[in-house]
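Fold and contact review
What follows is each chain in one-letter form.
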Amino acid sequence: MVAKLTVAAREKALAGLTDWTFDEAKDAISRQFSFENFSEAFAFMTRVALLAEKAGHHPEWSNVYDTVSIILNTHDAGGLSQKDIEMAGKVDALLG
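Bear in mind the structure is a predicted one, so any value in this text is a computation, not a measurement.

Right, let's get into the pairing of strand 4 (residues 67–72). Counting buried residues along strand 4, 6 of its 6 residues qualify, which places the element largely inside the surrounding structure. Here strand 4 shows two buried faces, one formed by Thr-67, Ser-69 and Ile-71 and the other by Val-68, Ile-70 and Leu-72. With 6 bridges joining them, strand 2 (residues 28–34) and strand 4 adopt antiparallel strand pairing. Looking at strand 4, one finds that Ile-29 is bridged to Leu-72. Looking at chain direction, strand 3 (residues 60–64) and strand 4 are connected through 5 bridges and run antiparallel. Bridge pairing in strand 4 links Asn-63 to Val-68. The antiparallel pairing of strand 3 with strand 4 creates a hairpin that spans 2 residues between the two strands, and Tyr-65 there sits at a positive phi of about 50°.

Pasting the structure below:
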(Lines give C-alpha, C1' and ligand atoms only; values in the text may rest on other atoms or scores of the structure.)
Protein backbone atom coordinates (compact mmCIF):
# COMPACT_ATOMS: atom_id res chain seq x y z
CA MET A 1 0.00 0.00 0.00
CA VAL A 2 1.19 3.49 -0.86
CA ALA A 3 1.49 5.99 1.98
CA LYS A 4 -0.07 9.43 1.98
CA LEU A 5 2.55 12.20 1.97
CA THR A 6 3.19 14.03 5.20
CA VAL A 7 2.70 17.80 5.16
CA ALA A 8 6.47 18.38 5.02
CA ALA A 9 6.97 15.84 2.21
CA ARG A 10 4.03 17.29 0.29
CA GLU A 11 5.36 20.85 0.53
CA LYS A 12 8.81 19.75 -0.62
CA ALA A 13 7.37 17.75 -3.54
CA LEU A 14 5.03 20.55 -4.65
CA ALA A 15 7.92 23.01 -4.78
CA GLY A 16 9.10 21.12 -7.88
CA LEU A 17 5.66 21.15 -9.54
CA THR A 18 5.06 24.85 -10.04
CA ASP A 19 2.21 24.46 -12.55
CA TRP A 20 0.16 22.13 -10.35
CA THR A 21 -2.29 23.39 -7.73
CA PHE A 22 -2.86 21.70 -4.40
CA ASP A 23 -6.51 21.21 -3.40
CA GLU A 24 -6.61 20.75 0.37
CA ALA A 25 -10.25 19.58 0.39
CA LYS A 26 -9.47 16.71 -2.01
CA ASP A 27 -5.85 16.27 -0.84
CA ALA A 28 -5.01 16.24 -4.54
CA ILE A 29 -3.11 18.20 -7.17
CA SER A 30 -4.61 19.49 -10.38
CA ARG A 31 -3.58 21.20 -13.57
CA GLN A 32 -5.28 22.44 -16.72
CA PHE A 33 -3.65 22.07 -20.12
CA SER A 34 -4.68 24.11 -23.17
CA PHE A 35 -4.02 23.06 -26.74
CA GLU A 36 -4.62 24.46 -30.23
CA ASN A 37 -7.61 22.19 -30.86
CA PHE A 38 -9.47 19.06 -29.83
CA SER A 39 -7.16 16.73 -31.79
CA GLU A 40 -4.08 17.96 -29.93
CA ALA A 41 -5.88 17.71 -26.58
CA PHE A 42 -7.01 14.17 -27.34
CA ALA A 43 -3.53 13.14 -28.51
CA PHE A 44 -2.13 14.44 -25.20
CA MET A 45 -4.75 12.43 -23.30
CA THR A 46 -3.73 9.32 -25.21
CA ARG A 47 -0.08 9.81 -24.24
CA VAL A 48 -1.08 10.36 -20.60
CA ALA A 49 -3.27 7.25 -20.71
CA LEU A 50 -0.31 5.14 -21.83
CA LEU A 51 1.82 6.52 -18.97
CA ALA A 52 -0.97 5.93 -16.47
CA GLU A 53 -1.55 2.37 -17.59
CA LYS A 54 2.16 1.57 -17.40
CA ALA A 55 2.35 3.08 -13.89
CA GLY A 56 -0.91 1.48 -12.76
CA HIS A 57 -1.97 4.91 -11.54
CA HIS A 58 -4.90 6.54 -13.31
CA PRO A 59 -5.91 10.21 -13.19
CA GLU A 60 -9.28 11.78 -12.70
CA TRP A 61 -9.62 13.95 -15.78
CA SER A 62 -11.85 15.67 -18.26
CA ASN A 63 -11.63 17.19 -21.71
CA VAL A 64 -13.63 20.08 -23.11
CA TYR A 65 -12.61 20.85 -26.69
CA ASP A 66 -9.02 22.13 -26.40
CA THR A 67 -8.64 21.90 -22.60
CA VAL A 68 -7.65 18.89 -20.52
CA SER A 69 -8.03 18.99 -16.73
CA ILE A 70 -6.19 16.44 -14.60
CA ILE A 71 -6.60 15.71 -10.89
CA LEU A 72 -4.18 13.36 -9.16
CA ASN A 73 -4.51 11.69 -5.78
CA THR A 74 -4.15 8.15 -4.52
CA HIS A 75 -7.41 6.66 -3.30
CA ASP A 76 -5.65 3.77 -1.55
CA ALA A 77 -3.55 6.26 0.43
CA GLY A 78 -6.45 8.55 1.22
CA GLY A 79 -4.83 11.55 -0.45
CA LEU A 80 -1.71 12.74 -2.17
CA SER A 81 1.14 10.23 -2.45
CA GLN A 82 4.52 9.97 -4.12
CA LYS A 83 2.80 8.18 -7.01
CA ASP A 84 0.90 11.39 -7.77
CA ILE A 85 4.05 13.49 -7.69
CA GLU A 86 5.79 11.07 -10.04
CA MET A 87 2.82 10.99 -12.41
CA ALA A 88 2.65 14.80 -12.49
CA GLY A 89 6.34 14.91 -13.39
CA LYS A 90 5.82 12.42 -16.21
CA VAL A 91 2.83 14.37 -17.53
CA ASP A 92 4.87 17.59 -17.46
CA ALA A 93 7.69 15.85 -19.33
CA LEU A 94 5.31 15.06 -22.20
CA LEU A 95 5.12 18.79 -22.89
CA GLY A 96 8.88 19.22 -23.01
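Across 3 bridges, strand 1 (residues 21–23) lies against strand 2 in antiparallel orientation. Looking at the pairing, Asp-23 lines up with Ala-28 of strand 2. The antiparallel pairing of strand 1 with strand 2 creates a hairpin that spans 4 residues between the two strands, and Asp-27 there sits at a positive phi of about 50°.

Given a rise of 1.5 Å per residue, 13 residues ought to cover 18 Å, and the 19 Å separating the end C-alpha atoms of helix 3 (residues 82–94) matches this to within 8%. Along helix 3, the positions that sit buried rather than exposed are Asp-84, Ile-85, Met-87, Ala-88 and Val-91. Projected down its long axis, helix 3 carries its buried residues within an arc of 165°, all on one side. Buried residues belonging to helix 3 abut helix 1 (7–15), strand 2, helix 2 (38–55) and strand 4. Measuring from the backbone nitrogen of Lys-83 back to the side-chain oxygen at the start of helix 3 gives 3.1 Å, which picks out Ser-81 as the cap. Just beyond helix 3, the residue with positive phi is Gly-96, at close to 85°.

Parameters at a glance
- Residues numbered from 1 in each chain as written.
- Predicted model: local features only at pLDDT ≥ 70, side-chain atom pairs only at ≥ 80, totals over all residues.
- Heavy atoms only, no water.
- Buried < 20%, exposed > 50% of the residue type's maximum accessible area, 1.4 Å probe, protein only.
- Helix = DSSP H or I, 4+ residues; strand = E, 2+ residues; numbered from the N terminus.
- Pairing = 2+ DSSP bridges.
- Expected span 1.5 Å × (residues − 1).
- Arc of directions from axis to C-beta.
- Contact = heavy atoms within 4.5 Å.
- Polar contact = N/O pair within 3.5 Å; in protein donor to acceptor, adjacent residues only side chain to side chain.

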